[in-house]
Amino acid sequence: MSLSRVLITVILILIVYCNSVPAEQNVNNAVPIGFDGPLIPEGEDPDYPTVYPTDFPTELPTITIEPTIGDQYGWISINTIPSGAWVTFDGDAQGQSPVMVQVLSTASPFHQIYISMDGYQDWSTSLSENPAPGQTIPINAHLVRMEPTVTPTFTPTVTPTESPTPSPTPTIIGPDYGWVYIESNPTAAEVTFDGVYQGSAPALVKVYSTGTPSHQILIRMSGYYDWTSALSQNPGPDQTIPITATLVPMAQYGSIRVQSNPTRSVAILDGGNQDLTPCTFDNLLPGSHTIKVTKDGYQPYTTQIRVNTGTEAQVSASLSPVDRFGTLYVTSTPSGADIFLDGVYYGQTPYTLSASAGAHTLVLKYAGYNTFSSGVTLYAGQQNQITAQLEPHGPSYGSVQVASTPGSSEVFLNNDYKGKTPSTGYLDIPGLNPGIYTIRISHPQNQDYQGTVSVNGGQTSTVQVALQSSPNPATKNGTLVVNSNPSGAYVFLDNLFKGITPLTLPSVQPGQHTLIVRMNDYSDATRPVTITGGNTTDMIIEMVPIAQPTKEPTQTPLPTQTRAPVPLLAIIGGLCAVGFLFHRRNN
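Residues numbered from 1 in each chain as written. Predicted model: local features only at pLDDT ≥ 70, side-chain atom pairs only at ≥ 80, totals over all residues. Heavy atoms only, no water.

**Brief notes about the overall build of the protein**
Scanning the protein from terminus to terminus reveals 2 helices and 42 strands. For the protein, long-range pairs separated by at least 24 residues make up 53% of all intrachain contacts whose partners lie at least 6 apart in sequence. Surface exposure of the protein reaches about 37,100 Å², of which carbon and sulfur atoms provide 54%. (Helix = DSSP H or I, 4+ residues; strand = E, 2+ residues; numbered from the N terminus. Contact = heavy atoms within 4.5 Å. Areas by Shrake-Rupley, 256 points an atom, 1.4 Å probe, with all protein chains shown as cover.)

**Remarks on the sheet that holds strand 21 (residues 312-318)**
The 3 strands are arranged 18-15-21 in an open sheet whose pairing can be described as mixed. For this open sheet the edge positions go to strand 18 (279-284) and strand 21, each flanked by a neighbour on one side alone. On average, each strand axis in the sheet is tilted by 20° relative to the strand beside it, whichever way the strands run. When strand 15 (residues 254-261) meets strand 18, the two strands line up antiparallel, connected through 4 bridges. Residue Ile256 lies in a different strand from strand 18, and its bridge partner there is Phe281. (Pairing = 2+ DSSP bridges. Axes fitted to C-alpha atoms, helices over the stretch in contact; angles between N-to-C directions.)

**Considerations on the environment of Thr136**
Residue placement: Thr136 occurs in strand 7 (residues 136-142). Take Thr136: its relative accessible area is 42%, and that puts it in the partly exposed class. Put simply, Thr136 and Met100 are 36 residues apart on the chain and 9.0 Å apart in space, counted from C-alpha to C-alpha. The contact partners of Thr136, leaving out residues within four places of it in the chain, are Trp75, Ser77 and Met100. (Buried < 20%, exposed > 50% of the residue type's maximum accessible area, 1.4 Å probe, protein only.)

**A closer look at the pattern of salt bridges**
Summed over all chains, the structure comprises 2 salt bridges. The closest approach of N and O atoms between Arg220 and Asp226, which form a salt bridge, is 3.0 Å. A residue is classified by how much of its surface remains accessible, and Arg220, at 40% relative accessible area, is partly exposed. Of the charged contacts in the structure, one is a salt bridge between Asp524 and Arg518, with a shortest N-O distance of 3.0 Å. (Salt bridge = Lys/Arg side-chain N within 4 Å of Asp/Glu carboxyl O.)

Here it is, written out as C-alpha cells:
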C-alpha cells in the first residue's frame, strides 16, 4: 500500500471517531471542579463555549517581592559583610541581612541601626535623613571578627591522687593578624575604621591577615575637613601598616577696610569687586589681595595687602591730583568694542576715559572686525573724541569672545595672554587664523578652566564659563612652573592636559603628582613632583630627541645571467586549462 493511501485511511478513521463523541462531552457542558454556578451565564450565547480557569494550576508562579514605590515612602537597604547578621532599625527587629526597611519620607529624620552576629563585633550607626519618595538609601556594614576566646585544656591524669595536677595549656591561635597604626596631624582626631569607632589618634587597629583586603578610614576633627582614605591591603602576620592623616583646616575669612583722601573714590578689590570709600570688603580668604583706588582728576593708588584669618586689614589711600589731565570720549560702529589705551583695558565703547595729557596709542578690538589702532593726544583740562568705523574682517580670519564668572579672569589662548574678562560683556580676540586653539581661564580664588575652541574663517566663536570654586583655600595650594628646552611642549599633570610650556599652574593641591612633558620627535619626560602649600615648585625639563636609526650602506651585487623564472600566473593558467580539458573529455 502506498503512503498516500495510508494517510487517507487515518484521516477517515479520525472523522468517524469525532462524529461518534456523545454531546454530553462537549466543552460547553464541562463543569470546573468546585464550581457551583450556572454552566452558561445569563445573556451569553449557548452556542459558544465559556472557558473557566482550573482551580489547581500545575505550576505555582514565582512572585518577586519588589519595594512598592509610593507617594510618600522610601527605602533603606541594609547589607552586611558577611551577610546573615541580625538587623534592628529604630528598636524594631528586621530579620537577617540583607533587608529593606520602608521609611515614611515625612517622618522624623533620625534613626538608629544596630547589627549583631555571633563571632563579630556589634555594629551600630545613626542616620539623620529620610529617603525621598520612591528612593533608596544604601547602608553597608563591614563586621569585624572578634578574637576567639582562649579555652584552657587540661591533660587527664591516670592517678589523680598521686600525680600532680598539670597546668592548663592555652589553645594557640597563631600569628594570623597584624595592625594598622593610624596617626593624625594635629593629633587627637577621631578615628573610624570600617565604620567602627577606634578612639582618638594615634590608634592601633587589629586586622586579620586573611580578611577581605578592603577597608575605609575616616579621620574627623572639629575645625578641619574630614580626611578619608581607602586601604586595599591587609597587614601580614605580626606586621604593622602606618598611616598618617594630615588634616586641612576649614577656610576662615578676614576683611579689608579701605579709606581714602578724598573720599568717594572707587576702591577695586583684585580687579573685580568695587565700592566707594570708605568701605569694607568682607568674607575674604586669607592671603595676599590687591586694592586699587581711583578718582577722576587724581593719580590711581595701588597696594598689596595680606589678609589673616579673623582679622581686618586697613588700607589708607592718599590720592595725588593729576597736574596734566585730559579725557577722551570713544565711540565705535558697531558699539561694544574693547578699549585699550597704551595696552591698558578701560571698558567698552561708548566710554569716556581719563588719562594724563600727552600722546597715547588707542586700540579697539571687536570680535568679527579688524583691530582698530590710532594715535591720540590728550590736553590738560580738555576732552577729545574719537569715532571709529570698524571694518569686518574677511573669511580668512576668525574671532573668539570670552566671558567668565567671576570677571577679571585671565584668558590664555595657546598659552598666550590675551587679557582679562570684563565684569559684563565679552573679552574680544579678533584676527585669528582658522584652527583649533587651547584656552585657559584662570582666577586666583577659583579652579582653572581648560578646554579647546574651534576658530572658523569669517565666524565668531563664543566661550562662556562659570569657574568652580577652589576645593581648598588658595593659601593651602601650591604653584607649579614648568619650562622645557625647547619650549612648546605639551604638559600633563596626573594624566590631565594643562597647557603648553612655558606654563604656570597657580593652584595645585599639595601632595605627590606625576608630571609628563610630551613633544613630537622627543622622548616623553616623566617626573614625580611634590607640591607644598603656599610654595612655588619650578620644573625645568631638558627634552631628549628620539634617536633616528642610521642606515648602513649596502653594496648592490652585480646581476648574474640566469634563466628568467616562469611567471606564476602562467603556471596557474596552464594547470586550469589542463583540468578543464580533462573534465570535458570525461563528460
